[in-house]
Amino acid sequence: MVSIQALNDLNLDSFGLFIEEFRDKMTGMMPSGVMKEASQVQNREWEIFKQEAFSVGKNLRREANLTAEFPVVMVPGVISTGLESWSVEDVGECSPEPHFRKRLWGSWNMLRAMFLDKPCWLKAIMLDPETGLDPPGFKLRAAQGFDATDFFVAGYWIWNKILENLAVIAYDPNMMHSAAYDWRLAYMDMERRDRYFTKMKLMIEERKGAIGKKTVLVGHSMGSQVIFWFFKWVESPEHGNGGKTWVNDYVEAYVDVSGSMLGTPKSIVALLSGEMRDTVQLNALAVYGLEKFFSRAERAAMLRTFPGLASMLPKGGDAVWGTAAGAIDDPENATATYGNFIQFQRPVSAMSARNLTVDDSIRFLFQQAPEWFGRKARENYSNGLARTAAEVRANDNDPTKWINPLEVALPHAPDLKIYCLYGVGKPTERSYRYEEEEDKSAGVNVSIAAAAAYGEQIIMGEGDGTVSLITHSMCHRWRDRGGVNKFNPGGAQVKIVEMLHEPERFDPRGGPKTAEHVDILGRAELNELILKIAAGKGAEIQDKLISRLAQYAAKIDLGE
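The following paragraphs examine the structure supplied in this document. Everything numeric in this text was worked out from a predicted model, so none of it was measured. (Residues numbered from 1 in each chain as written. Predicted model: local features only at pLDDT ≥ 70, side-chain atom pairs only at ≥ 80, totals over all residues. Heavy atoms only, no water.)

## Here's the deal with the nonpolar core
Right, so step 1: Trp105, Trp121 and Trp478 are the most contacted members of the largest nonpolar core, which totals 157 residues.
Right, so step 2: It is helix H10 (residues 222-235) that provides the largest number of residues to this core, a total of nine residues. (Core = buried A, V, L, I, M, F, W, Y, C linked by side-chain atoms within 4.5 Å. Buried < 20%, exposed > 50% of the residue type's maximum accessible area, 1.4 Å probe, protein only. Helix = DSSP H or I, 4+ residues; strand = E, 2+ residues; numbered from the N terminus.)

As structure tokens, this is what we get:
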């Protein structure tokens, strides 16, 4: 057994030292695949990162004379923010003291703890299933500042390219902020425990008071949903109490980067059966650790204690995602439909006697998961569709609806600019073939892996490799009826830029033309668009539609 002191002696701040220490002290213990992949992550990605630094910002400053105009707040996506341990309470064998102020998510220390101290790592990272908050004796908090989201681990950048390019056009910590959050929490608990939305509101108000400018909010993935929820919270007289004009008065632009506004099918799979390789978008090293050291049952149990992930369940049900009769994005001449979201290959019991739509699948998930998981999800989120303007208005006072742009409207903010920037052209999970497990001893009743004997377990559709193209339908429907409708009552201007996935063959992150869900944050075109919006040149941006999403979105029956 390795002593706690021996683990503490490992200095993981330096990747090189990390490798050396593991070779010296952990020879024969660490899987060779981890060591090999770790070396590749460091060496390949760091060289590419250095070569492309600052290039977009330099070009725009030189050719277009861009400079800082509006304050920028960046809201990261799910799992992007590092989580640090802040507890020193004595809880016996799993004392958190050795991990004080170290990251148990988003660092090499995470990998070490997962491998060498798995039971205690799980106890620390999992939330209390009843309260959805810290378990007794443990306290993880989101890391703060730019360090919280610039890199996931050494060499694996997330927001850093955007940060460096903004810096070239004169942005600094007085003009830009990374609004990191504990992505495990339900949104209302982010406010109750950490005052997250109150801090965001005050920060935006302070910047306008100091420099007289509105703020540009940039959200990636789940971060786009967090911003949308914030719009409803800040207006509410019982919560943010900003009033109906607050967003119009304080927010210049809402930039939705690869957002999951209508959810993503992957979330159902992760929560239902713990299958993560093609479900949770991490770097390959973290996926390797989770899949190598944890069973599917352990992964499912862990994820079900994170109410924040339930916010990414698909919205709009069968009207958006399809029925057994068809789906809006079924390929022409298709012999099967994406509407059969979960297809069981053979009936083992009443559970697997029929195929399931997205609506069915969410109900099925709640049946399979512990009672407290379904209860917590329903207390915080809704996945339906408001078919009348009266329903939409009534939902303004219901926080469970605030996550869903098909049930509540954008703020009445005629001056707000909305930019939907997302990738297309990378095959993305759209439906699944499952098999019911006859042996229930593993604790998970169904799996994709067990269906391998029947062919492809994952049926691919369109998207960015993580988020289905369909989730961006909302951007198109906000523009219905000339841009003034029940979901966009103020007629906020909406621009849509689709970016084709054109990865470079030998670049592990895809290069400057990637449109993959996370790596798009390093795409040259995306960085250029964000800099133009921040510098007050958003009017120069034109729509660019590559996919057939506009036609797909028009098929959705949203009622009156």
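After that view of the structure, there is still more to cover.
## A short note on the state of the cysteines
Right, so step 1: For the coordinates displayed, the defined rule picks out two disulfides.
Right, so step 2: With its sulfur 2.1 Å from that of its partner, Cys94 forms a disulfide with Cys120. Looking down the S-S bond of the Cys94 and Cys120 bridge, the torsion is -75°, so its handedness is left-handed. Residue Cys94 is located in the loop between strand E2 (83-85) and strand E3 (103-105), and its partner Cys120 is located in helix H6 (residues 118-125); the two are separated by 26 residues in the primary sequence. Cys120 carries the same exposure label as Cys94, and that label is buried.
Right, so step 3: Each bonded cysteine in the protein chain gets a number by its place in the sequence, and the pairs come out as 1-2, 3-4. (Disulfide = S-S within 2.5 Å.)

## Re the environment of Ser260
Right, so step 1: Relative to the elements of secondary structure, Ser260 occurs in the loop between strand E9 (251-257) and helix H12 (265-273).
Right, so step 2: Here the alpha-carbon distance between Ser260 and Met312, two residues 52 residues apart in the chain, equals 6.8 Å.
Right, so step 3: Beyond its immediate sequence surroundings of up to four residues, Ser260 is in contact with Ser221, Met222, Gln225, Met312, Val467 and Thr471.
Right, so step 4: Within the structure, the side chain of Ser260 is placed 2.7 Å from the side chain of Gln225, a separation counted as a polar contact. (Contact = heavy atoms within 4.5 Å. Polar contact = N/O pair within 3.5 Å; in protein donor to acceptor, adjacent residues only side chain to side chain.)

## Examining the side chain of Asp256
Right, so step 1: Within the secondary structure layout, Asp256 lies in strand E9.
Right, so step 2: For the buried Asp256, no salt bridge exists, and the shortest N-O distance to an oppositely charged side chain is 12 Å, to Arg479.
Right, so step 3: For Asp256, the side chain forms a polar contact with the side chain of Ser224, separated by 2.8 Å.
Right, so step 4: Polar contacts involving the side chain of Asp256 include one to the main-chain amide nitrogen of Gly259, which spans 2.9 Å.
Right, so step 5: Sequence-distant contacts of Asp256, defined by excluding residues within four places in its chain, comprise Gly219, Ser224, Met261, Tyr419, Cys420, Leu421 and Cys475. (Lys, Arg positive; Asp, Glu negative; His and termini not counted. Salt bridge = Lys/Arg side-chain N within 4 Å of Asp/Glu carboxyl O.)

## A look at the environment of Ala390
Right, so step 1: With respect to the element layout, Ala390 can be found in helix H19 (residues 389-394).
Right, so step 2: Judged by relative accessible area, Ala390 falls into the partly exposed class, the value being 44%.
Right, so step 3: For the pair formed by Ala390 and Lys486, sequence separation is 96 residues and the distance between their alpha carbons is 8.8 Å.

## Observations concerning the sheet that holds strand E11 (residues 417-424)
Right, so step 1: Pairing in this open sheet of six strands is parallel, and the strands run E7-E1-E8-E9-E11-E15 from one edge to the other. Each edge of the open sheet carries a strand with a single partner, namely strand E7 (176-178) and strand E15 (493-500). Within the sheet, the average angular offset between the axes of one strand and its neighbour, ignoring direction, is 15°. (Pairing = 2+ DSSP bridges. Axes fitted to C-alpha atoms, helices over the stretch in contact; angles between N-to-C directions.)

## A look at the pairing of E15
Right, so step 1: Here E15 lies mainly inside the structure; six of its eight residues are buried.
Right, so step 2: Note: E11 against E15, eight bridges, orientation parallel. Counterpart to Ile418 in the pairing with E15 is Val494.

## Let's talk about unusual backbone geometry
Right, so step 1: A positive phi angle, near 65°, is found at Ile79, a position not held by glycine.
Right, so step 2: Following the sequence through the fold, Ile79 ends up in the loop between strand E1 (72-75) and E2.
Right, so step 3: Judged by relative accessible area, which is 8%, Ile79 ranks as buried.
Right, so step 4: In this structure, Arg101 takes a positive phi of about 65° despite not being glycine.
Right, so step 5: Residue classification places Arg101 among the exposed positions, given a relative accessible area of 54%.

Function cannot be read off these values alone, since they describe shape.
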